[in-house]
Number of protein chains: 2
Amino acid sequence: MERVRRVLAVPEDYTVLFLQGGASLQFYMTALNILREGEKADYLVTGGWAQKALKEAARVGDASSIWGDSDSGFKSVPSDGDYSVRDDAVYLHYTSNNTLYGTQYHHLPDSAGKPRILDASSDIAGVPLDVGAHEIIYAGAQKNLGPSGVTLVILSPWAMSRVGENLPTMLDYNVHASKGSLFNTPNTFGVFVLDQVFKWLEENGGLEGSIARNRAKANLLYGELDRSDFWVPHAEMESRSGMNVTWRLANQDLEAVFLQEAEAAGLGGLKGHRSVGGIRASLYNGCPLESVVALVAFMQDFEIRNT
Amino acid sequence: MERVRRVLAVPEDYTVLFLQGGASLQFYMTALNILREGEKADYLVTGGWAQKALKEAARVGDASSIWGDSDSGFKSVPSDGDYSVRDDAVYLHYTSNNTLYGTQYHHLPDSAGKPRILDASSDIAGVPLDVGAHEIIYAGAQKNLGPSGVTLVILSPWAMSRVGENLPTMLDYNVHASKGSLFNTPNTFGVFVLDQVFKWLEENGGLEGSIARNRAKANLLYGELDRSDFWVPHAEMESRSGMNVTWRLANQDLEAVFLQEAEAAGLGGLKGHRSVGGIRASLYNGCPLESVVALVAFMQDFEIRNT
């Protein structure tokens with residue numbers, strides 16, 4: 001837990017929890033703990049995960065989308081000024097990286113002074129993060145932090161002070177905080193591995209090292225996508241994700257062949273999510289630069305053989 | 001999943017799920033999925049875990065204790081006839097083994113024809129179990145089945161048919177069943193190890209082999225407890241647990257020395273829960289007979305040196 005605090009520069013008065021149930025349970029738990037019936041919460045809906053978070057919060061209070069981009073295929077995240085936070089919203093929720101569409105915020109979204117709640121599941125410990133500018137940050141561990149089955153939750157004093165009364169015991173942040181995440185019964189193996197990942201991060205340049213490695217990977221791959229009209233990147237330039245790179249082939253008929261030959265060349269898991277189609281390469285912390293080098297070499301060879 | 005079905009002889013039309021959050025989350029989830037506001041559910045309260053199960057269910061409906069033994073120190077489980085299930089109860093909930101007090105049912109409790117819901121966390125796959133006589137069985141994996149962070153849930157067709165509408169997604173048995181326990185995101189490592197444990201069980205005599213091993217361990221230890229007045233067993237004879245053996249020393253002043261010397265002799269984790277005090281030896285599936293042999297030899301030596 002101390003390693004998490006050091007690497008992510010968590011303010012001393014913030015609470016750090018290791019819970020279960022994935023980010024999906026947090027969609028509901030954050031609202032259940034923080035929001036009261038009838039109270040408003042505003043959501044920036046930048047993809048499928050944000051939609052799910054909104055759906056669960058709407059079971060608890062008046063949770064609404066104040067920005068959404070589903071009509072244009074979730075190719076971007078909003079800029080400040082693209083949305084208005086309601087005057088009486090209790091918080092603003094956003095999803096820092098959108099795995100399905102390959103978009104990501106590269107700025108701290110304006111919240112009009114309201115508390116920010118962040119689902120950082122797919123880019124935590126891989127990008128710059130100002131923990132103190134948020135009241136709750138939650139992240140499933142299975143992308144950048146370790147094995148599935150652990151969710152990191154970081155809560156500000158304000159968040160802890162908002163936790164409601166008489167919540168179901170296992171859904172009550174106060175219960176877990178009062179027991180130091182040991183309430184019956186934590187995923188001990190998952191927490192152990194998560195701690196080892198943070199140890200590795202600390203020994204390899206900390207958060208800055210991780211950011212540098214991820215930028216190098218993303219720059220290499222986007223450089224290839226921008227080099228040739230053979231590729232058609234999905235996300236708009238300023239919203240491009242450093243974690244999930246999504247693109248189509250100009251000739252979409254070639255996509256199946258691309259995926260098949262890539263797989264045969266040892267480059268697996270590149271099929272895009274069905275909501276976007278095409279190709280998706282995920283560059284999470286566990287992915288080494290060498291993988292991206294190999295992918296780009298394969299792409300260049302594939303283009304030559306198919307033009 | 002097929003191994004779980006085979007070893008536990010789960011009826012074909014039952015659903016098997018691997019969830020997260022421990023049995024403690026199931027205390028709430030079972031009621032949330034099965035019970036409607038105002039509906040009755042009856043609980044046999046045989047210890048701290050049953051009390052917790054009742055507390056969570058009472059958030060959902062009219063859940064009541066129809067039998068409790070806290071006044072006499074939870075030394076036994078009820079016999080049929082010791083309690084009356086309410087005519088309009090939706091189900092009867094019981095806890096097959098009580099870890100804190102060292103008691104256990106050795107019969108299928110009479111439910112007056114009502115559906116049985118069972119928390120089998122601390123004796124599943126270690127004792128005889130008629131799955132088909134229950135509508136829901138849940139069990140945290142961390143005692144008899146594998147690592148913490150996985151909960152096995154077995155649901156009858158009746159239970160699945162009772163699942164309510166519009167539940168929070170991660171708390172909805174239908175969601176998890178429809179995705180074969182793969183809904184975002186399972187504890188993959190924990191499920192893998194659980195499967196390996198069931199593989200081991202299958203290769204070592206199945207459930208019958210496990211029952212035989214556990215009986216041998218329990219008989220050895222209870223034999224020692226009954227041999228001498230130096231020891232004072234906590235549970236009543238007919239309610240003795242084969243999983244958690246609890247006792248005091250006739251001279252309670254010696255208990256601290258006993259624990260200290262046991263620890264030094266490599267026999268750790270024997271301190272009784274604070275609600276009972278004294279000594280507790282847990283004989284879960286992972287505990288080999290050799291450990292109990294060593295414990296009994298230590299006990300006999302300790303008695304000689306202290307009388």
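What counts and how
Residues numbered from 1 in each chain as written. Chains lettered and ligands numbered in written order. Predicted model: local features only at pLDDT ≥ 70, side-chain atom pairs only at ≥ 80, totals over all residues. Heavy atoms only, no water. Pairing = 2+ DSSP bridges. Helix = DSSP H or I, 4+ residues; strand = E, 2+ residues; numbered from the N terminus. Axes fitted to C-alpha atoms, helices over the stretch in contact; angles between N-to-C directions. Contact = heavy atoms within 4.5 Å. Buried < 20%, exposed > 50% of the residue type's maximum accessible area, 1.4 Å probe, protein only. Parallel < 35°, antiparallel > 145°, perpendicular 65-115°, else oblique. Left-handed = near helix turned anticlockwise from the far one by under 90°. Nonpolar A, V, L, I, M, F, W, Y, C, P; charged D, E, K, R; others polar. Domains from an automatic or database assignment. Buried area = accessible area lost by both parts, 1.4 Å probe. Salt bridge = Lys/Arg side-chain N within 4 Å of Asp/Glu carboxyl O. Polar contact = N/O pair within 3.5 Å; in protein donor to acceptor, adjacent residues only side chain to side chain.

1. What to know about the sheet that holds strand β10 (residues 231-233) of chain A
Residues and elements named next belong to chain A. If you walk across this open sheet you meet the three strands as β10-β11-β12, and the pairing is antiparallel. Every other strand in the sheet has two partners, leaving β10 and β12 (279-282) as the edge strands with one partner each. Mean inter-strand twist for the sheet, computed between neighbouring axes without regard to direction, equals 35°. Taken together, the three bridges between β10 and strand β11 (residues 244-249) define a ladder with antiparallel strand orientation. In the sheet register, W231 faces β11, and the bridge partner there is L249. Relative to β11, helix α7 (residues 206-227) is tilted by about 20°, and along the sheet it contacts β10, β11 and β12. Along the sheet face, helix α8 (residues 255-264) touches β10, β11 and β12 and points at about 130° away from the line of β11.

2. Some points on the pairing of strand β9 (residues 151-155) of chain B
Residue and element names in this part refer to chain B. Of all five residues making up β9, five are buried, and the element is well covered by its neighbours. Burial of the side chains of β9 extends over both faces: T151, V153 and L155 are buried on one face and L152 and I154 on the other. The sheet contact formed by strand β8 (residues 136-140) and β9 spans five bridges and is antiparallel. Note that in β9 the partner of A139 across the bridge is L152.

3. So, the sheet that holds strand β10 (residues 231-233) of chain B
Working definition: the strands of a sheet are paired by backbone hydrogen bonds and lie parallel or antiparallel to each other. Residue and element names in this part refer to chain B. With antiparallel pairing, the three strands of this open sheet are ordered in space as β10-β11-β12. Across the chains shown, the open sheet's two edge strands, defined by having one partner strand only, are β10 and β12 (279-282). Neighbour to neighbour, the strand axes of the sheet diverge by 35° on average, direction disregarded. Helix α7 (residues 206-227) contacts β10, β11 (244-249) and β12 of the sheet and is inclined by roughly 20° relative to β11.

4. Regarding the packing of helix α8 (residues 255-264) of chain B against helix α9 (residues 289-305) of chain B
Residue and element names in this part refer to chain B. Orientation of α8 relative to α9, taken along the N-to-C sense of each, is 130°, at an axis distance of 11 Å. Relative to α9, the element α8 lies oblique. Two packed elements cross with a definite hand, and for α8 against α9 that hand is right-handed. Each of V257, F258, E261 and A262 in α8 lies in contact with α9, whose residues at this interface are F298, M299, F302 and R305. Partitioning the contact of α8 with α9 into residue classes produces six nonpolar, no polar and two charged.

5. Focus on the domain arrangement of chain A
Residue and element names in this part refer to chain A. The domain architecture assigned to chain A consists of domain 1 (2-203) and domain 2 (206-305). Each of domain 1 and domain 2 has a C-alpha centre, and these two points are 27 Å apart. Facing 28 residues of domain 1, the contacting portion of domain 2 comprises 25 residues. Counting the surface lost from both domain 1 and domain 2, the interface buries some 2,100 Å², and carbon and sulfur atoms represent 52% of this. For domain 1, the biggest contributors to the area lost against domain 2 are K75, L100 and Y101; these three give 25% of the whole. The interface formed by domain 1 and domain 2 includes zero salt bridges. Linking domain 1 to domain 2 there are 16 residue pairs in polar contact (both at pLDDT 80 or more). Mapped onto the side of domain 1 that touches domain 2, the elements with two or more residues apiece are β5 (97-98), β6 (103-104) and α6 (188-203).

6. Some thoughts on the packing of helix α6 (residues 188-203) of chain B against α7(B)
Residues and elements named next belong to chain B. Contact pair α6 / α7: the axes reach a minimum separation of 7 Å and the direction vectors enclose 85°. As far as their axial angle goes, α7 and α6 are roughly perpendicular. Contacts from W200, L201 and E202 of α6 reach α7 at G206, S210 and R213. Here the contact of α6 with α7 is composed, by residue class, of two nonpolar, two polar and two charged.

7. Things to note about the interface of chain B and chain A
The parts lose accessible area when they come together, and the size of an interface is often stated as this lost area. Listed per partner, the contact involves 27 residues of chain B and 27 residues of chain A. Carbon and sulfur atoms supply 52% of the area buried between chain B and chain A, which totals about 2,100 Å² over both sides. Interface area lost by chain B to chain A is led by S148(B), M170(B) and N184(B), which between them contribute 20%. Linking chain B to chain A there are 18 residue pairs in polar contact (both at pLDDT 80 or more). Mapped onto the side of chain B that touches chain A, the elements with two or more residues apiece are α2 (22-34), α3 (48-57) and α6 of chain B. Residues of the side of chain B that touches chain A, tallied by class, amount to ten nonpolar, 13 polar and four charged.

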